[in-house]
Amino acid sequence: MPKNKGKGGKNRKRGKNEADDEKRELVFKEDGQEYAQVLRMLGNGRCEATCIDGTKRLCHIRGKMHKKVWIAAGDIILVGLRDYQDDKADVILKYMPDEARLLKAYGELPESTRLNEGIAGGLEDEDEGAGDDYIEFEDEDIDKI
């Protein structure tokens, strides 16, 4: 049997996410960076995101964030643009929900950006008029069916 020389196994690695509760300084975009909203996760450390400039890009999650910071559809992220590939970008930072609201309040994100709703949340809002299509049936109509 091999001897374990480490300090623990999988369960020890799981309990390292305690630093997320702390308040951190809000990071704004610089040259070569852009804000984006995740459309969908593709697997293999990649996601598809729509940048604020209107371009849909394939984003690669950097190794420091991989399996430590969980990114889901609808999250606001900061991506680093590539000089040599305009359709690809690298995820630098994921904004927490309160940070994303602050970015919107500061005018960094456009007003049309939907926060914390994901892609499914955006679709539900479009169907609000669907409640008007409710049809009341009489008992006689049901018997005919």
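Residues numbered from 1 in each chain as written. Predicted model: local features only at pLDDT ≥ 70, side-chain atom pairs only at ≥ 80, totals over all residues. Heavy atoms only, no water.

> How should I be thinking about unusual backbone geometry in this particular structure?
For residues other than glycine, phi is negative in most cases, and the peptide bonds are mostly trans. Not every positive phi belongs to a glycine, and Asn44 is a case in point at roughly 60°. Tracing the backbone through its elements, the reader meets Asn44 in the loop between β1 (33–43) and β2 (46–51). Backbone geometry places Lys67, a non-glycine residue, at a positive phi of 65°. Within the secondary structure, Lys67 is located in the loop between β3 (56–61) and β4 (76–81). (Helix = DSSP H or I, 4+ residues; strand = E, 2+ residues; numbered from the N terminus.)

> Explanation requested: the sheet that holds β4 in the structure shown.
Hydrogen bonds along the backbone pair up the strands of a sheet, which may run parallel or antiparallel. Here five strands make up a closed barrel; going around it, the order is β1-β2-β3-β5-β4 and the pairing mixed. Across the sheet, the mean angle from the axis of one strand to that of its neighbour is 50°, orientation sign disregarded. Alignment of β3 against strand β5 (residues 88–94), held across four bridges, turns out to be parallel. If you follow Ile61 over to β5, its bridge partner there is Val91. (Pairing = 2+ DSSP bridges. Axes fitted to C-alpha atoms, helices over the stretch in contact; angles between N-to-C directions.)

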